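One letter stands for each residue in the lines below.
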Amino acid sequence: MRILQENQIDFIDPSELLRPEPTFAEKSISKFRDYSIDEKDPLKERVRQTYRLMHLNQTVDFVKGRHERWLKFNTMRATVRQALEKLNDLIDESDPDIDLPNIVHAFQAAERAREEYPELDWLHLTALIHDLGKIMAFYDEPQWCVVGDTFPVGCAWGDSIVYRKDSFEGNPDGQNPLYNTKYGMYEPNCGVDNLMMSWGHDEYMYQVLKHNKTKLPDMACKIIRFHSFYPWHNGGDYQHLAQPEDEETKKWVLIFNRYDLYTKSAKVPDIEALWPYYQGLIDKYLPGELEF
């Protein structure tokens, strides 16, 4: 593999960075993202109900309303560390793989990225903050519009969306001819950057980064924006809306998702011991107080 100049990614073919199936996962790869229905299993039922509410309520008008609410960036001011430490009190209700505070997952993902790509410090920080938008849950947002997989609103829902079969029943956009066709309100091959994504922590944190003029590479911001867009990068849906240039974004998201998904375990990192390294990255790429 080529040696990278510090933080330069434009000349790298991301396929050069792809690793084989992760051997660091604590269970079989097929056991992750198990969305099978079992009403007697409290965890599975919690996940299913979270997605049901998401799919019922995420509409074009709803997302526009969330943009109006959150993209004023007047909710709070906090450093990255202060915001991350709030995640000590958040357990993701959409996640079937882990039932630990979200800050633990943040450090698990970041440390694996650091181990596999020690030269890509921007990727380490990206992994650490990728879920930071979940702080919305502390400001009266229900988790169904904070967590979970994302998808574009304003067009037909992809076949690979979690619980796709019945979960969208009652969503008014499904009866709206402006939104319920293959292309809906979009042009063919408009590009994923131009999609209106369902509202959640991914879109919010992407917008927070741009608003606060982060020094992270643009690809880091795209990874955060699309890391939960599983129907596209994992399920093969929405290719009719993508541009050829989006394949690079997809490759980087798939690289990142090794750390987002397969590091989830009951092993808790020594977070206090790790803070000095990550604070250095915060100071480099996203210093001071941010406007959320």
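Owing to the predicted nature of the structure, the values given are computational and were not obtained by experimental measurement.

Participant: What am I meant to see in the UniProt feature "binding site: Fe cation" (unreviewed entry) in the protein here?
Facilitator: Cross-referencing UniProt, the feature "binding site: Fe cation" (unreviewed entry) maps to His105, His130, Asp131, His201, His227 and Asp260 in the present numbering. Within the fold, His105 resides in helix H4 (residues 102-116). What makes His105 buried here is its relative accessible area of 4%. In contact with His130, not counting residues within four places along its chain, are His105, Ala109, His201, Ile224, His227, Phe256 and Asp260. Side-chain polar atoms of His130 contact the backbone oxygen of Ala127, separated by 2.5 Å.

Participant: So what exactly am I meant to see when it comes to the packing of H4 against helix H11 (residues 271-285) here?
Facilitator: For any two helices packed against each other, the geometry is given by the interaxial angle and the distance between the axes. Running from N to C, H4 and H11 cross one another at 55°; their axes reach a closest spacing of 12 Å. On the basis of their axis angle, the class for H4 and H11 is oblique. Taken as a pair, H4 and H11 cross one another with a handedness that is left-handed. Every residue of H11 that contacts H4 at Ile103, Phe107, Ala110, Glu111 and Arg114 is listed here: Ile271, Leu274, Trp275, Tyr277 and Tyr278. Taken together, the residues that form the contact of H4 with H11 break down as eight nonpolar, no polar and two charged.

Participant: Explain the packing of aromatic side chains here, please?
Facilitator: Given two aromatic rings, one states the distance between the centres and the angle between the planes to describe the pair. In total, this model carries 15 aromatic pairs according to the counting rule given. Both rings, one in Phe62 and one in Trp144, keep their centres 5.2 Å apart while their planes meet at 35°; by these two values the pair is tilted. With Phe62 in helix H2 (residues 60-70) and Trp144 in the loop between helix H5 (121-129) and helix H6 (164-167), the pair connects residues that are 82 residues apart, well separated along the chain. Relative to Tyr278, the ring of Phe107 lies with its centre 5.6 Å away and its plane at 90°, an arrangement referred to as edge-to-face. Of the two residues, Phe107 is situated in helix H4 and Tyr278 in helix H11; the sequence distance between them amounts to 171 residues. Here the aromatic residues Phe107, Trp275, Tyr277 and Tyr278 are joined through ring pairs into a cluster of three or more. Cation over ring: Lys86 sits above Phe138, and NZ or CZ is 4.9 Å from the ring centre. Geometry around Tyr206 places Arg225 over its ring, the cationic atom sitting 5.1 Å from the centre.

Participant: Even after reading the chapter, I still don't get unusual backbone geometry, so can you show me in this structure?
Facilitator: Excluding glycine, residues mostly carry a negative phi; peptide bonds, for their part, are mostly trans. Here Tyr163, not a glycine, exhibits a phi torsion of approximately 60°, which is positive. By the secondary structure assignment, Tyr163 is in the loop between H5 and H6. Relative accessible area serves as the criterion here: at 15%, Tyr163 is assigned to the buried category. Of note in the backbone geometry, Tyr238 takes a positive phi value of approximately 70° without being a glycine. Judged by its relative accessible area of 4%, Tyr238 is buried.

Participant: Looking at this structure, how should I read the side chain of Glu45?
Facilitator: Tracing the backbone shows Glu45 in helix H1 (residues 42-57). By relative accessible area, Glu45 is classed as buried at 18%. One polar contact links Glu45 to Arg48, side chain to side chain, over a distance of 2.8 Å. Of note is the side chain of Glu45, whose polar atom sits 2.9 Å from the side chain of Gln49. Apart from the residues lying within four places of it in its own chain, the contact partners of Glu45 are Asp38 and Glu39.

Reading the values: rules and limits
Residues numbered from 1 in each chain as written. Predicted model: local features only at pLDDT ≥ 70, side-chain atom pairs only at ≥ 80, totals over all residues. Heavy atoms only, no water. UniProt positions renumbered as here; feature names shortened; annotations may be inferred. Helix = DSSP H or I, 4+ residues; strand = E, 2+ residues; numbered from the N terminus. Buried < 20%, exposed > 50% of the residue type's maximum accessible area, 1.4 Å probe, protein only. Contact = heavy atoms within 4.5 Å. Polar contact = N/O pair within 3.5 Å; in protein donor to acceptor, adjacent residues only side chain to side chain. Axes fitted to C-alpha atoms, helices over the stretch in contact; angles between N-to-C directions. Parallel < 35°, antiparallel > 145°, perpendicular 65-115°, else oblique. Left-handed = near helix turned anticlockwise from the far one by under 90°. Nonpolar A, V, L, I, M, F, W, Y, C, P; charged D, E, K, R; others polar. Phe/Tyr/Trp six-rings, centres within 6.5 Å; stacked < 30°, edge-to-face > 60°. Lys NZ or Arg CZ within 6 Å of the ring centre and 35° of its normal.

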